[in-house]
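Listed here are the chains, written in short residue letters.
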Amino acid sequence: MIIKQNPHLAGAAEAPRALPDFRNLGVVLRILLLVNGLAVVAVLLRNADVSLLPDELLDMAMRVEFPLILAVALLFLLQPWLARCAAVVGWLAVAGVVAGGAVFSHGLLASADGGLVRVVGWALAAALCVLVYFRRHVAAHEPALAEARLLALTARIRPHFLFNSLNGVLGVLRANPRRAEEALEELADLFRALMQANRELIPPADEPALCDRYLSLESLRLGGRLQVAWQRDAAADTALVPPFLLQPLVENAVFHGIEPGVGPGTVSITIARRGPVVHIEIANPLPDPTSQQPGNRMALDNIRERLMLFYDLEATLDTQQEPDAYRVRIVLPFRAAAPRPRP
C-alpha cells in the first residue's frame, strides 16, 4: 500500500480506513489480480471434473472480466469525489458501483445458471476482500514506512555538513556578524524542517526554498566555486511532491561534483511539468575521477523507496553518467492539492 492511497495523507490512525487511489496504476493492477485470483479459487473449489476445468475457467472469465473492468473504470471516474467523501460513504459508494456493474453485466449475459442475488453477492464479497486487503496492507507496511523515514533522516543531511556549516559560521563571525547570524538562522530552518513528520506531500515551491538555505550554507566555505542554475516551470508549482526530495540530491551533487574540484562548478536543478507528469533533474559536473568522493548511494536508494511508498509504479528515478556530468532524473505524476471537503 502506498501513502498516496490515503487521499488526505494523514497520520497512521487514518490510513487503515482510507480508500485506495483508484487512479493509481499499482492499485488497478492489484485489484485485477486479486479479483481474478478469487474467481480462480472459486472455480477450483467447485470443480468436480478436471476435464471440465478449462471450460469452467473460460466461463468464469466471461462472467468476471466485463463487470470487473466496468467497476474499475467507474471508480477511476469517481476518484476525485471518493477522495473528498468520508470513509463510510466511500465504502458504500464502492459497494454500489460493484453491485451496479454486476447487475448490468448479468442482464447482458442473461445467465441461466447463476441467479442475480448470487452474482451480486459474489461481487460484493470480492469487493470486500479487496478493500480489506488494502486496509490491512497499510497497517502491515507501517513499520516499513517508519524505517524509510529513519533512513531519510540519515540520508538528508550528512554529519560533515553540520561540522562544515559551523566552521563556516565561525569563519565569518568576526568579519561579517550579520552573515553569520543569517547562516545560523538558515541552519535552524533546515533542522526544523528535518524534524517534522514529513508524511504529507508538499508544493514543489517549498523544496527550492529549503535547497536555497542549504546551498547558502555551503557557499560559506565553497565561495565562488559553487554556482547554481535553477530552471523552474511555473506550471509545476501547483504539483505536490514528497518532502526532502531535492535536498539530498542537491547535497549529493555538491559533495561529489563541487567539493572534489579545484575550479568553479555548476549544479543545475530543473523542475518542469510536461502534461500529466512532473520532470525533475539535478546535474553536477564530474571532476577528476581520482579526486571523487566515495558514495554509498544511500540518498538515491532512500528516495527510490519513498517514491515507491508515495506513488507506487507511477514514479521513476534514473541516473545517467556522461563524460562531463552526472544527472539524476525523477518523473512524478502531476498531483495538485485536493480541495478541502466542505463542512
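Residues numbered from 1 in each chain as written. Predicted model: local features only at pLDDT ≥ 70, side-chain atom pairs only at ≥ 80, totals over all residues. Heavy atoms only, no water.

K.L.:
Tell me about the overall build of the chain, residues and numbers included.
P.N.:
Broken down by element type, the chain carries 9 helices and 5 strands. Traced from its N-terminal end to its C-terminal end, the chain shows the element sequence α-α-α-α-α-α-α-β-α-β-β-α-β-β. Looking at the chain as a whole, 44% of its 343 residues are labelled buried. Once local pairs closer than 6 in sequence are excluded, the contacts in the chain between residues at least 24 apart make up 74%. (Helix = DSSP H or I, 4+ residues; strand = E, 2+ residues; numbered from the N terminus. Buried < 20%, exposed > 50% of the residue type's maximum accessible area, 1.4 Å probe, protein only. Contact = heavy atoms within 4.5 Å.)

K.L.:
Any chance you could break down the pairing of strand E5 (residues 325-333) for me, citing the residues and the numbers?
P.N.:
The pairing of strand E3 (residues 277-285) with E5 spans 9 bridges and is classified as antiparallel. By the bridge assignment, Asn 284 is partnered in E5 with Tyr 326. In the sheet, strand E4 (residues 316-321) pairs with E5 via 6 bridges, with the strands oriented antiparallel. Bridge pairing in E5 links Leu 317 to Ile 330. Two successive antiparallel strands, E4 and E5, enclose a turn made up of 3 residues. (Pairing = 2+ DSSP bridges.)

K.L.:
Quick one: what's the story with helix H1 (residues 25-46), residue by residue and with numbers?
P.N.:
In a regular helix each residue adds 1.5 Å, so 22 residues correspond to 32 Å; H1 covers 32 Å between its end C-alpha atoms and thus fits that length. Residues of H1 that are buried: Gly 26, Val 27, Val 28, Ile 31, Val 35, Asn 36, Ala 39 and Val 43. Residue Asn 24 occupies the N-cap position of H1, its side-chain oxygen lying 2.8 Å from the main-chain nitrogen of Gly 26. (Expected span 1.5 Å × (residues − 1). Polar contact = N/O pair within 3.5 Å; in protein donor to acceptor, adjacent residues only side chain to side chain.)

K.L.:
Kindly report on the sheet that holds E3, identifying the contributing residues and their values.
P.N.:
Within a sheet, neighbouring strands are paired by backbone hydrogen bonds and run either parallel or antiparallel to one another. Across the sheet, which stays open at both edges, the 5 strands sit in the order E1-E2-E3-E5-E4 with mixed pairing between neighbours. Strands at the two margins of the open sheet, each flanked by one partner only, are strand E1 (226-232) and E4. In this sheet, neighbouring strand axes are inclined to one another by 10° on average, regardless of whether the strands run parallel or antiparallel. Docked against the sheet, helix H7 (residues 206-222) engages E1 and strand E2 (265-274), running at close to 165° with respect to E1. Of the strands in this sheet, E1, E2, E3 and E5 touch helix H8 (residues 247-258), which is tilted by about 20° from E3. (Axes fitted to C-alpha atoms, helices over the stretch in contact; angles between N-to-C directions.)

K.L.:
Give a description of a nonpolar patch on the surface that names residues and reports values.
P.N.:
Together, Leu 25, Leu 29, Met 308 and Leu 313 make up an exposed nonpolar region whose accessible area comes to about 340 Å². By secondary structure assignment, the location of Leu 25 is in helix H1. (Patch = residues over 30% accessible without salt bridge, like charges linked within 9 Å, V, L, I, M, F, W, Y side chains within 5 Å. Areas by Shrake-Rupley, 256 points an atom, 1.4 Å probe, with all protein chains shown as cover. Salt bridge = Lys/Arg side-chain N within 4 Å of Asp/Glu carboxyl O.)

K.L.:
If you had to explain the nonpolar core to someone new, which residues and values would you point to?
P.N.:
Of all hydrophobic cores here, the largest spans 46 residues; its most connected members are Ile 280, Leu 307, Ile 330 and Leu 332. Listed by contribution, the elements that provide at least two residues to this core are helix H5 (159-172), helix H6 (177-194), H7, H8, E2, E3, helix H9 (298-311) and E5. With 6 residues, H7 is the single largest residue contributor to this core. With 29 residues, the next largest nonpolar core counts Phe 22, Cys 85, Val 94 and Leu 131 among its residues. (Core = buried A, V, L, I, M, F, W, Y, C linked by side-chain atoms within 4.5 Å.)

K.L.:
Can you break down the confidence of the model for the chain residue by residue, with the values?
P.N.:
Residues of the chain with pLDDT of at least 70 account for 77%, and the chain-wide mean is 76. Note on residues 1-17: pLDDT under 50 across the span, and 54 contacts to partners over four residues away in sequence or across chains. Scored below 50 in pLDDT, residues 339-343 shows 3 contacts in the model against residues more than four places distant or in partner chains. (pLDDT = per-residue confidence, 0-100.)

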